[in-house]
Each structure stands twice: as C-alpha cells, then as structure tokens.
Amino acid sequence: MTDPAAVIAPGSRLWDVLDRYDATGLGEASTGDDGSDPVARARLSAAVSEELSWGDVGLAITCGMTRFAAPWIQMSGNNELIERYCSPGVRTIGCWALTEPDHGSDTVSFTHDSFRDPQIKANCVARRDGDEYVISGQKSGWVSLGSIADVITLFCTVDQDRGHSGGGVFVVPSDLPGVERPRPTDKLGQRPLNQGEVVFHDVRVPADHMVIGPDVYPMALEGMLTQGNIGMSTLFVGVARAAYDLALDYARERVQGGRPIIEHQSVQSRIFDMFRRVEAARALTRRVVESQAIAPVPFQYAVAAKTFVTQTAFDVSSAALQIFGGNGLTREYPIEKVLRDARASMIEDGCNEVLGLVAAVRL
Amino acid sequence: MSVMTLPSAHLLDASFTDEDREVVALAHRFAVEVMRPAARSSTA
Ligand SMILES: Cc1cc2nc3c(=O)[nH]c(=O)nc-3n(C[C@H](O)[C@H](O)[C@H](O)COP(=O)(O)OP(=O)(O)OC[C@H]3O[C@@H](n4cnc5c(N)ncnc54)[C@H](O)[C@@H]3O)c2cc1C
C-alpha cells in the first residue's frame, strides 16, 4: 500500500486527479446557483456525488473539499482573504478541524451536558489579544486533508468556562507562522483521502478571522454536522452501490457447479438483498437532500440518513465480499478496498452510535 | 458517454433533464476513467 506521505507528495496521482476534476467543471455543474429549481439542483448534486464516490470515495471527498473553505472565508468579509482564496480559477483545498487528540465524540455531543462542562479541557484554544486571536494547541490526526489544506476551518474553544460549547470558528490560512502539520495518518480505509493532525504554536490571526463566536457556536456546529451528515449519506450510497455492482458483475462471470454463480438461487437472493438496501439508502438520502434544498433539515433526520447509509455501505460491501469467495480477500479484486472504505465511514464525522445518542435528545 | 449509457441506478431519476443526464454521465465517466484507476494504482 502507498505510504500516506507519498499519496500527497508533489507530482503524485492525487494532484493529477484534482487537475482533471477541475477541468470537468463538475463542481460548478451540480452546485452552482444558476437560478434553477433548488430541489432539482440538489438532486443532481446528490447523483454526481454518488457517481464520484462509486469511483472512489476518498478521492470524491478530496475533490469536494476544494469547495469547502469558500463560504467560511466569505463570512470573514476580509477582502484580502477573499481575493486570495475565492477568486475564479483559484483552487483552495479546505479542511474541517474539529476533533482533538483527547476529544473526539466530546466535540460533537452538543445535546449532552458534558458539552457544557468547564472541567473538560480542550486541546486547542483561541484567546483574544487586542485586535487578534492567538491559537494554541492541537487538532487530531483525523482532520481530513489536514496535511494539504490551504485554509483550515478551525472549530476550537474560545470561552473555556463554557466547556466545548464555548467554541468559535476561525478561518486560518495554513501558511501562517506557527502552523505545523506533522506526518499524515496511516489508516485502514479511504486511503486516498489525506488525514493529518494540525498543531498551532501561538498562531496569530486578525479578529475578523473568527467567523462564528461562542454565543452561536453550538448552533453553527449543529448546522455543520447536519450538512456533513447529509453529505456523507450521498457519498456512501455510491460506495454501497459500488459494492453491489462489483458483486453482480462477479456473480455473472464466476462459474461453479457448471454455471455462473448468479444462477444459483442463494446468490440471486443475496444480490437482490444488496440491491434493495442500496435503493433504500438512496431513497432516504434523497429525502434529506431535497428537503435541505428548501429549508434546514433537523439534525436527527440527517443523522438517521448518515448512520443508515454508512451501515448499509458496510453491510452491502461485506455481503459483496462473500460473493467473491476467497478472491474477495485478495488485493487483486477491488471489493476488499470498498469494504475498508465503508468501515471507516461508521466513525467518520462522528461515531454512528454517538451521533444516534446526540440526535435521540431531539426526538 | 452518451445519455443512453447512464448507469441503471438512475433509472428512476425521471425528473432529470437531458442536461442533467449529461452531467451525471460525465461524473460516471470521470469515476471510471480517472478515479478508479488512480485509486487502484497508487493510493488505495
Ligand atoms: C475517515 C475519517 C475522516 C474524518 N474526518 C474528520 C475531519 O475532517 N475533521 C475532524 O475534525 N474529524 C474527522 N474525523 C474524526 C471523527 O469525527 C472522530 O473519529 C469521531 O468523532 C470519533 O472520535 P474518536 O475517534 O476520538 O473516538 P472516541 O470519541 O474516543 O470514541 C471511542 C469509542 O467510545 C464511544 N463513545 C465515546 N463517547 C461516548 C458516549 N458519550 N456515549 C457512548 N459511547 C461513546 C464511541 O462510540 C467509540 O466506540 C474523521 C474520522 C475518520 C475515520
């Protein structure tokens, strides 16, 4: 397997994929605001996401994150930042830095009392100093694209008396003095997606780089998690479908008992079960995607979709691997990679069981 | 890729315009021609 540092090295395949993605114009085609029906546009965007993650979800997320930073930068109202990072033709890789070495689920549990507990001390804190904020501490090795992002959208603690609820959101150019990015994380699945910790050594940013303050931070976090969970749903429908498609193709080719295994009834019923699950996952995803295009979807619905779809992606890819028999375990066939990718999704953007507990409070 | 070869997963996406179908087909082609080979050869 490729070393995670080689994945992001200058001249690696990753940069070629990004160049070619930019050239397709797919980012604008499915998300641009051209005055058309927002629901139709959202549906198209979901279909594009599904296709890209069907290809490879780690790369799909990487491509998608070239559009993540811009809205946060716009919120700063800082013309220098906007010109540098949001001008047409400029590729700005973004990342969302929330998880800390000592606080994973803690940082997403905004409906739980522990979220407001000042005894639970954050690893990354910003303090006001005149016209600036000084950011000190660390975000964990789980920040997607942490090693290569041009701009870090940093969710960190500002008012320590409010525990994790006293947060703020900052836009931090990654080339500022004091930003350090050690080696990327080596992980089981979604290996084309860079994961890397970010360390802040008293990084100074102008006050306007804080785009969300502590008073509205819990609401902003909820909105971000809602959006993120809907995004995860669209992506992992594609992963579930990739597993189903691979299993179907293989079952048509592989001959046992003198005929293709698809002609054995038990294989047929397993393949149909995969098809059914993929359809259900897409239907639930489309429901939240289309609703979100009109009005904010309540958090619990986004979590229902994310947890259902990622569990489906895992279940379908595991069932698909079984269809491949021993071949499924080898690296010669792509299904083991799809299974690894799906496994990571049940932890990504919040462990599924924790997201369920946070959302249950809203029922 | 032509409109006719849109993956069957989009069979029920009857509300898509021809232009939408072209975009989805382009995404599929990008997935087949660029993403899958990249993921398999060097990164995954
Ligand atoms: C592929 C991938 C991409 C990611 N991308 C990002 C990113 O872009 N930005 C970012 O900031 N983070 C990212 N993450 C991090 C992710 O959000 C965290 O891993 C996740 O929130 C869980 O935190 P943790 O790993 O520290 O696990 P922990 O919180 O330590 O959880 C460990 C176990 O304890 C259980 N647990 C914890 N708390 C509770 C509780 N209150 N009740 C019951 N059970 C509990 C969990 O369910 C889990 O089984 C990513 C993770 C992955 C895998």
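Peer 1: Tell me what's going on with the overall build of chain A, and back it up with residues and numbers.
Peer 2: Counting its regular elements, chain A contains 13 helices and 10 strands. Scaling as 2.2 N^0.38, a compact globule of 363 residues should have a C-alpha radius of gyration of about 21 Å, and chain A matches this with 21 Å. Each principal axis of the C-alpha atoms in chain A carries an extent, and together these give about 80 × 50 × 45 Å. The burial tally for chain A puts 53% of its 363 residues in the buried class. Restricting the contact set of chain A to residue pairs at least 6 apart, pairs at least 24 apart contribute 74%. Accessible surface, chain A as shown: approximately 15,200 Å² in total, 52% of it carbon and sulfur. If you average the places of the 34 positive and of the 46 negative side-chain charges in chain A, the two averages end up 6 Å apart.

Peer 1: Pulling in residues and values, what's your account of the site of the ligand?
Peer 2: Residue and element names in this part refer to chain A. Around the ligand there are 20 residues in total, and Trp-96, Thr-99, Ser-105, Ser-144 and Glu-353 lie nearest to it. Ser-105 is positioned with one of its side-chain polar atoms (N or O) 2.6 Å from an oxygen atom of the ligand. Contact with the protein chains removes 68% of the 980 Å² of surface that the ligand exposes when unbound. Elements supplying a minimum of two residues to the shell around the ligand: strand E1 (94–97) and helix H13 (352–360). Looking at the shell around the ligand, the element that brings in the most residues is H13, giving three residues. Residues belonging to the shell around the ligand are distributed by class as follows: 10 nonpolar, seven polar and three charged. When residues of the shell around the ligand are sorted by domain, at least three fall in each of domain 1 (72–215) and domain 2 (219–360).

Peer 1: I'd love a proper account of the environment of Pro-37 of chain B, names of residues and values included.
Peer 2: Counting through the fold element by element, Pro-37 of chain B comes out in helix H1 (residues 18–43). A sequence separation of 16 residues divides Pro-37 of chain B from Arg-21 of chain B, and the C-alpha atoms of the two residues are 23 Å apart. If near-sequence neighbours (up to four positions away) are discounted, Pro-37 of chain B is found in contact with Arg-13 of chain A together with Ala-31 and Val-32 of chain B.

Peer 1: Requested: an account of the nonpolar core, with residues and values cited.
Peer 2: Residue and element names in this part refer to chain A. Counting residues in hydrophobic clusters, the biggest one holds 113 residues, and the most contacted among them are Ile-135, Leu-154, Phe-170, Val-172 and Phe-200. With 19 residues, helix H9 (residues 217–253) is the largest single contributor of residues to this core. Looking at which domains feed residues into this core, each of domain 1 (72–215) and domain 2 (219–360) supplies at least three. In this structure, Phe-200 is in contact with Cys-124, Ile-135, Ser-136, Gly-137, Lys-139, Ile-152, Leu-154, Val-172, Gly-178 and Val-179, ignoring residues within four places of it in sequence.

Peer 1: Could you give an account of helix H2 (residues 13–24) of chain A, with specific residues and numbers?
Peer 2: One turn of an α-helix holds 3.6 residues; hence residues three or four places apart share an orientation. All names here are of chain A. If you check H2, its first and last C-alpha atoms are 17 Å apart, about what 12 residues at 1.5 Å a residue would give, namely 16 Å. Along H2, the residues that are buried comprise Leu-14, Val-17, Leu-18 and Tyr-21. Projected down its long axis, H2 shows its buried positions confined to an angular sector of 100°, all on one face. Note on H2: the residue one or two positions beyond its end, Gly-25, has a positive phi of about 75°.

Peer 1: Explain the domain arrangement of chain A to me, and be specific about the residues and the numbers.
Peer 2: Residue and element names in this part refer to chain A. Along its sequence, chain A is carved into domain 1 (72–215) and domain 2 (219–360). With 18 residues of domain 1 in contact, the opposing surface of domain 2 contributes 18 residues. Each partner contributes to the roughly 1,600 Å² buried at the junction of domain 1 and domain 2, and carbon and sulfur atoms together form 74% of this total. By the criterion of area lost to domain 2, the three top residues of domain 1 are Trp-96, Phe-110 and Gln-190, representing 39% of everything that side buries. For the pair domain 1 and domain 2, the number of links is five residue pairs in polar contact (both at pLDDT 80 or more).

Peer 1: How would you sum up the packing of aromatic side chains? Please name residues and give values.
Peer 2: All names here are of chain A. All chains considered together, the criterion is met by 12 aromatic pairs over all chains. Between Trp-96 and Phe-155 the ring centres are 5.7 Å apart and the planes differ by 70°, which places this aromatic pair in the edge-to-face class. One end of the pair, Trp-96, is in strand E1; the other, Phe-155, is in strand E4 (residues 151–157), and 59 residues separate them in sequence. The pair Trp-96 / Phe-155 is uniform in exposure class, with both members buried. Seen in terms of ring centroids, Tyr-250 and Phe-324 are 4.2 Å apart; in terms of plane orientation they differ by 20°. Their pairing is stacked. Highlighted residues: Tyr-250 in helix H9 and Phe-324 in the loop between helix H11 (299–323) and helix H12 (335–345), separated in sequence by 74 residues. The two residues Tyr-250 and Phe-324 agree in class, both being buried. Among the aromatic side chains, those forming a connected cluster through ring pairs are Phe-68, Trp-72, Trp-96, Phe-155 and Tyr-217.

Peer 1: Can you tell me about the interface of chain A and chain B, naming the residues and giving the values?
Peer 2: Counting residues at the interface gives 36 residues for chain A and 27 residues for chain B. Carbon and sulfur atoms supply 66% of the area buried between chain A and chain B, which totals about 2,700 Å² over both sides. A per-residue breakdown of the area chain A buries against chain B is headed by Arg-13, Glu-51 and Trp-54 of chain A, which together make up 22% of the total. Where chain A touches chain B, the interface holds one salt bridge. With its nearest N and O atoms 2.7 Å apart, the salt bridge here joins Asp-13 of chain B to Arg-286 of chain A. Applying the counting rule to chain A against chain B returns seven residue pairs in polar contact (both at pLDDT 80 or more). If one sorts the elements of the side of chain A that touches chain B by residue count, helix H4 (residues 38–55) of chain A sits on top with nine residues.

Scoring rules and cut-offs
Residues numbered from 1 in each chain as written. Chains lettered and ligands numbered in written order. Predicted model: local features only at pLDDT ≥ 70, side-chain atom pairs only at ≥ 80, totals over all residues. Heavy atoms only, no water. Helix = DSSP H or I, 4+ residues; strand = E, 2+ residues; numbered from the N terminus. Rg over C-alpha atoms; globule rule 2.2 N^0.38 Å. Buried < 20%, exposed > 50% of the residue type's maximum accessible area, 1.4 Å probe, protein only. Contact = heavy atoms within 4.5 Å. Areas by Shrake-Rupley, 256 points an atom, 1.4 Å probe, with all protein chains shown as cover. Lys, Arg positive; Asp, Glu negative; His and termini not counted. Charge placed at Lys NZ, Arg CZ, Asp CG, Glu CD. Near = heavy atom within 4 Å. Polar contact = N/O pair within 3.5 Å; in protein donor to acceptor, adjacent residues only side chain to side chain. Nonpolar A, V, L, I, M, F, W, Y, C, P; charged D, E, K, R; others polar. Domains from an automatic or database assignment. Core = buried A, V, L, I, M, F, W, Y, C linked by side-chain atoms within 4.5 Å. Expected span 1.5 Å × (residues − 1). Arc of directions from axis to C-beta. Buried area = accessible area lost by both parts, 1.4 Å probe. Phe/Tyr/Trp six-rings, centres within 6.5 Å; stacked < 30°, edge-to-face > 60°. Salt bridge = Lys/Arg side-chain N within 4 Å of Asp/Glu carboxyl O.

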